[in-house]
Amino acid sequence: MRPDRPLLGILLMLGFCLLAPIGDSIAKLLGPRIPLLELVATRFAVQAAVLVPLLAATGGTLRMRRRTALLTGLRTLLHITGIAAMFLSLRFLPLADAVAIAFVMPFLMLLLGHAVLGEEVGRHRLAACAAGFAGTLLVIQPNFAAVGAPALLPLLVALVFALFMLVTRQIARDTDAITLQAASGLLGSALLLPALLLAEGSGLAALDPIWPAPGDAALLVALGLLGTAAHLLMTGALRFAPTSTLAPMQYLEIPFATLIGWAVFDQLPNRLAGLGIAVTIGAGLYVIARERRLARAA
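Rules used throughout
Residues numbered from 1 in each chain as written. Predicted model: local features only at pLDDT ≥ 70, side-chain atom pairs only at ≥ 80, totals over all residues. Heavy atoms only, no water. Phe/Tyr/Trp six-rings, centres within 6.5 Å; stacked < 30°, edge-to-face > 60°. Helix = DSSP H or I, 4+ residues; strand = E, 2+ residues; numbered from the N terminus. Buried < 20%, exposed > 50% of the residue type's maximum accessible area, 1.4 Å probe, protein only. Lys NZ or Arg CZ within 6 Å of the ring centre and 35° of its normal. Expected span 1.5 Å × (residues − 1). Contact = heavy atoms within 4.5 Å.

(A) Layout of the packing of aromatic side chains. For the coordinates displayed, the defined rule picks out 1 aromatic pair. Consider the rings of phenylalanine 161 and phenylalanine 164, whose centres lie 5.3 Å apart with planes at 75°: the pair is edge-to-face. Taken as a pair, phenylalanine 161 and phenylalanine 164 lie in helix H8 (residues 152–172) at a separation of 3 residues, close to a single helical turn. A single burial state applies to phenylalanine 161 and to phenylalanine 164, both of which are buried. Lying over the aromatic face of phenylalanine 265, lysine 28 brings its terminal NZ or CZ to 5.5 Å of the ring centre. Of note, arginine 43 hangs over the ring of phenylalanine 44, and the distance from its end group to the ring centre comes to 5.5 Å.

So, in structure tokens, the structure goes:
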């Protein structure tokens, strides 16, 4: 067991918050052309192709205790479900909208961390989460009536990834991040690649694989690399900091997603959304400053 290092965990989570929306933007670009199952299968196959050789080169092993192996399997299933739901939602919703609606997840993670892991949730952290969520509403101003049923998909993403991060927190301290992600990549590939082969010729648009154009193939590889790097950072963050500390930080993914959505898809926030971005960033900076003060006091 390693002691918590909250500031390091926060910095790693910041890296995740930057890389994750970049990967989502690639998934949104590929969504109209590449079947959903092919997107998700490639994401895990690239992860396995990168991390399994890296694990072998560094002398690591995939051997785990039985409890850790079972939780890794559950984590992989949650990961597959969450990524598939997010990629599907991006076919219907703007990038920033999908991310914003999904951002009830840090609040769910905070509550789960308290209820299941017994982690302390003080009024300062709870206030930071509330401010971040308020900022989220100002950034996107989600209107479920306007977007219809697809608006429910990011809610599924939120619930699944809250459980995903809770499970990750349970095993992150006992398992190296590369080992955990390599095992997840292998398990995901073992489940998804055979399904991809079986779906060939099915005629179902979301399942039947296609041969991608060279440009799309490069984007598929980039999607896998970005997803792998992002979740290595997230796993490392949970290794060094409790979920209650990291929950407010994840709101910083929203302004990153908004900026990327503007640059790639020409979706520019209005003045009210700009105020929301400021509130969200302020909540994250408050957590960083408070954790630094607590670390110095300790």
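Let's pick the thread back up.
(B) View of helix H12 (residues 253–265). For H12, which comprises 13 residues, the first-to-last C-alpha distance of 17 Å matches the rise-based estimate of 18 Å (1.5 Å per residue) to within 8%. Those residues of H12 not exposed but buried are Glu253, Ile254, Pro255, Ala257, Thr258, Ile260 and Gly261. Note on H12: the residue one or two positions beyond its end, aspartate 266, has a positive phi of about 60°.

(C) Spotlight on the side chain of glutamine 47. Here glutamine 47 is to be found in helix H2 (residues 36–57). Each residue touching glutamine 47, except ones within four places of it in the same chain, is listed here: Gln181, Ser184, Gly185 and Thr228.

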